[in-house]
Amino acid sequence: MFASQLVALAVIALSMKGVKAHGGVLSYSNNGQLYNGWAPYNSPDGQSTIQRPWATYNPIQDATDPTIACNDDGTSPTGQQTATVAAGSDVTAYWNQVWPHPYGPMFTYLAQCPGSSCDGVNAADLDWFKVDQSGLISGTVADGYWGSGKMIDDNSTWTTTIPSSVPSGSYLIRFETVALHSLPAQFYPECAQIDITGGGDLAPTSDQLVKFPGGYSNDDPGFTVDLYGTQAQTMTDYPMPGPPLYGQ
Ligand SMILES: *[C@@H]1O[C@H](CO)[C@@H](O)[C@H](O)[C@H]1NC(C)=O
Ligand SMILES: [Cu+2]
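Going by an unreviewed UniProt entry, the protein chain carries the name AA9 family lytic polysaccharide monooxygenase and comes from Dendrothele bispora. The UniProt entry for the protein chain carries the following text under Catalytic activity (unreviewed entry): "[(1->4)-beta-D-glucosyl]n+m + reduced acceptor + O2 = 4-dehydro-beta-D-glucosyl-[(1->4)-beta-D-glucosyl]n-1 + [(1->4)-beta-D-glucosyl]m + acceptor + H2O." What UniProt states about the protein chain under its Subcellular location (unreviewed entry) heading is, verbatim, "Secreted".

K.L.:
I'm lost on the packing of aromatic side chains in this one. Help?
P.N.:
Each aromatic ring pair is described using two quantities: the centre-to-centre distance and the angle formed by the ring planes. Enumeration over the complete set of coordinates arrives at 17 aromatic pairs. Measuring from centroid to centroid gives 5.1 Å for F129 and Y246, while their planes differ by 45°, and the two rings are tilted. In this pair, F129 sits in strand β6 (residues 128-134) while Y246 sits in the segment after α3 (221-224), placing the two residues 117 residues apart along the sequence. Judged by relative accessible area, Y246 falls into the buried class, the value being 7%. Note on Y216 and F223: the rings are 4.8 Å apart at their centroids and 70° apart in plane angle, and the pair reads as edge-to-face. One exposure class covers both Y216 and F223, and it is buried. In this structure an aromatic cluster arises from ring pairing among F107, Y109, W128, F187, F212, Y216 and F223. Over the aromatic face of F212 sits the side chain of R174, whose NZ or CZ is 4.0 Å from the ring centroid.

K.L.:
Mind showing me how you'd approach the confidence of the model for the protein chain here?
P.N.:
Interpretation of the predicted coordinates at a detailed level should be avoided for regions scoring low in pLDDT. Model confidence for the protein chain is summarised by a mean pLDDT of 92, while 92% of its residues fall at 70 or above. Taken element by element, the predicted model of the protein chain shows its lowest mean pLDDT in helix α1 (residues 3-17) (46) and its highest in strand β5 (residues 106-112) (99). Below a pLDDT of 50 lies the segment residues 1-19, which in the model reaches 19 contacts outside its immediate sequence neighbourhood of four places, other chains included.

Thresholds applied
- Residues numbered from 1 in each chain as written.
- Chains lettered and ligands numbered in written order.
- Predicted model: local features only at pLDDT ≥ 70, side-chain atom pairs only at ≥ 80, totals over all residues.
- Heavy atoms only, no water.
- UniProt positions renumbered as here; feature names shortened; annotations may be inferred.
- Phe/Tyr/Trp six-rings, centres within 6.5 Å; stacked < 30°, edge-to-face > 60°.
- Helix = DSSP H or I, 4+ residues; strand = E, 2+ residues; numbered from the N terminus.
- Buried < 20%, exposed > 50% of the residue type's maximum accessible area, 1.4 Å probe, protein only.
- Lys NZ or Arg CZ within 6 Å of the ring centre and 35° of its normal.
- pLDDT = per-residue confidence, 0-100.
- Contact = heavy atoms within 4.5 Å.

In structure tokens:
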């Protein structure tokens, strides 16, 4: 995609939404059921959703930001709900349309909560493991096809299969898109509460577990890559940030 098309997309998003060309995960689906997300610009009173509250459409631009786990302070409101999700099933996250940033990776993380519910659990206290990622799919870092480009092509959605090997229990699921068209990188993470049923017995290993903040650094090559530099024009390997993928 060319810069002029990017600008055109941004202008469309701007005029349609009346807000900046940013955003986040607005809803989810699993097994044919749609779950509305948190509405960050509405009053928190009476909101009841599986999503953890989040603060703003603006990106986080510090990989060690205290809100990098879920784009908020990590706590749940009184109306917090939890979706029951079967291990092995697909969870889809819907970003606002049309997502304007086609250059950058996609990630999905899970974190198990210590008790029988994630209610009230601070997302920054949890140990997260990565269950899905998509970086540079084809082409070069300069103008290739990225996970976030695929997300846009898929109706601004990303679908992750909950591994059937994951132990049953209460989890936060963290969908994230990272935009690299300007630096510092733009992080867009949001989280939802799910109870995974019918799971397996493969716990993540210690090297697969990270805290947020903690799992990312502002020096990670995958977050400092310059799309407009000479090197990017021949670079076809994108260094995936974060811990190694679960189950491999
Ligand atoms: C695309 O996503 C929107 C929500 O953002 C949804 O209302 C619509 O049904 C989706 N379209 C298709 C073809 O799935
Ligand atoms: Cu944006």
